[in-house]
Amino acid sequence: MAITDLRKPANPVRAFGERIIQILLWAAATVSILTTAGIVASLIVETIAFFSEVSIIEFLTDTEWTPLFANQRFGIWPLVSATVLTSAIAMLVAVPFGLVAAIFLSEFADDRVRRTIKPILEILAGIPTVVYGYFALTFVTPLLKNFIPTLSIFNSLSAGLVMGVMLIPIVASLSEDALSAVPNSLREAAYGLGSTRFEVAVRVVFPAAISGVIASIVLAFSRAVGETMIVAIAAGQNPRLTFDPTVPVMTMTSYIVQVSLGDTPYGSLSYHTLYAVGFTLFLFTFVLNIFSYWMVRKFREVYD
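What you see is a predicted model; the values in this text were computed from it and never measured.

## Details of the overall build of the protein
- Regarding its fold elements, the protein presents 12 helices and 0 strands.
- Taken from N to C terminus, the helices and strands of the protein fall in the order α-α-α-α-α-α-α-α-α-α-α-α.
- The C-alpha atoms of the protein give a radius of gyration of 24 Å, which is well past the 19 Å a tight globule of 304 residues would have.
- Structurally, the protein occupies a C-alpha span of about 85 × 55 × 35 Å along its principal axes.
- Taking all contacts inside the protein whose residues are at least 6 apart in sequence as the whole, residues at least 24 apart take part in 71%.
- Only carbon and sulfur atoms are counted for the fraction: they give 69% of the accessible area of the protein, which is about 17,000 Å².
- Between the centroid of the 18 positive side chains of the protein and the centroid of its 20 negative side chains there is a distance of 7 Å.

Okay, structure coming up:
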C-alpha cells in the first residue's frame with residue numbers, strides 16, 4: 001500500500017497556485033527591502049555630496065544653522081535641540097495618559113466599556129496632523145498665553161502638548177495589547193495571595209508586560225521625532241539652540257518642509273542640506289529602533 005507524502009499537495013493545480021503565492025510573497029518582501037535600501041542609498045549619496053563641501057566637524061560642533069542665509073552656518077544642533085525638546089514634551093503627555101488608559105482598559109474596564117472606549121481613543125490617531133497643527137496654533141497657544149503671557153505665537157510648548165495628545169493612542173493601544181497578553185494565571189496567583197486589584201495591575205501585570213510597554217513608548221518617541229506638520233505649523237521656523245519651550249524653534253522635519261516648498265536650486269549646497277538633515281533624522285529613528293529591539297529582548301517574559 002502506497003504511503004501519500006502529506007508534505008506535498010496531491011493536486012498539481014493546487015501545487016502551482018501555492019507556488020505562485022510563494023513567489024508573490026517573496027516579491028512583496030523583496031520590494032520592501034529594495035525600497036528601504038534605495039532610500040538609504042539616496043540619503044547616503046546626497047549626504048556625502050554635502051560633506052564634500054561642509055566639514056563634518058562644523059556640522060557637529062557649530063551652534064548656528066543658517067544655510068539659506070548669506071552668512072551660511074551649518075551647525076545641526078539647533079535643529080536637534082528643537083526636535084528633542086518637542087518630542088520630550090510630547091512624551092510627558094503621551095506616556096502617563098497612555099499608560100493609565102492602557103491599565104484601565106486591560107485591568108479595570110469590562111468588555112462593554114472596553115469595546116466603546118478603545119475605538120474612540122484610537123480615533124485620535126486618525127485625525128490628520130495638519131489639523132492638530134492648526135489646533136495647537138489657534139486654540140492651545142492662545143489658551144496657554146493666559147497663563148504664560150511671554151509665550152510666543154509659535155512655540156514648542158503647544159506643539160509638544162498637542163503632539164502628545166496625538167501619541168496617546170499609540171502608547172495606550174500597544175500597551176493595552178501587551179498587558180492583555182499576560183496570562184491570567186499570574187493574576188489569579190496574585191489574588192490568591194491577597195493582593196488587591198490595583199496591586200495586581202501595577203505590581204504583577206505591568207512588570208510582566210514591561211517589554212511591550214517599552215516598545216510602545218519607543219515607537220511613540222520615534223513617531224514624535226518624525227512628526228512634521230504639527231511642528232511646522234505651531235513650533236515656528238526659527239533655528240535656535242535653546243531648550244526654552246516658549247520661543248519659536250525649528251525642528252529637523254520643519255526644515256525639510258521649508259526647503260522642500262522653497263525655490264532651492266537642485267544640486268546646490270542648500271539642496272544637499274535637505275539630505276544631511278534627513279540622514280540625521282534617519283540615524284535618530286534607527287538608533288531608537290535598535291534600542292527598542294534590545295529592550296524588548298532584554299525584558300521579554302516567556303510563559304508556557
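## Looking at the nonpolar core
- Counting 33 residues, the largest nonpolar core has Ala-159, Met-163, Met-166, Leu-167 and Ile-230 as its most contacted members.
- Counting only elements with at least two residues in this core, the list comes to helix H3 (77-108), helix H5 (129-145), helix H6 (156-180), helix H9 (210-226) and helix H10 (229-234).
- For Leu-167, the residues in contact, after removing those within four places along its chain, are Ala-90, Met-91, Ala-94, Ala-220, Arg-223 and Ala-224.
- Leu-43, Phe-59, Val-80 and Ala-276 belong to the second-largest nonpolar core, a separate cluster that totals 25 residues.

## As for the packing of H6 against H9
- Running from amino to carboxyl end, H6 crosses H9 at an angle of 155 degrees, the nearest separation of the two axes being 8 Å. The orientation of H6 with respect to H9, classified from their angle, is roughly antiparallel. Judged by the twist between their axes, the crossing of H6 over H9 is right-handed. Contacts from Met-163, Met-166, Leu-167, Ile-170, Val-171, Leu-174, Ser-175 and Ala-178 of H6 reach H9 at Gly-212, Val-213, Ser-216, Leu-219, Ala-220, Arg-223 and Ala-224.

Criteria and thresholds
Residues numbered from 1 in each chain as written. Predicted model: local features only at pLDDT ≥ 70, side-chain atom pairs only at ≥ 80, totals over all residues. Heavy atoms only, no water. Helix = DSSP H or I, 4+ residues; strand = E, 2+ residues; numbered from the N terminus. Rg over C-alpha atoms; globule rule 2.2 N^0.38 Å. Contact = heavy atoms within 4.5 Å. Areas by Shrake-Rupley, 256 points an atom, 1.4 Å probe, with all protein chains shown as cover. Lys, Arg positive; Asp, Glu negative; His and termini not counted. Charge placed at Lys NZ, Arg CZ, Asp CG, Glu CD. Core = buried A, V, L, I, M, F, W, Y, C linked by side-chain atoms within 4.5 Å. Buried < 20%, exposed > 50% of the residue type's maximum accessible area, 1.4 Å probe, protein only. Axes fitted to C-alpha atoms, helices over the stretch in contact; angles between N-to-C directions. Parallel < 35°, antiparallel > 145°, perpendicular 65-115°, else oblique. Left-handed = near helix turned anticlockwise from the far one by under 90°.

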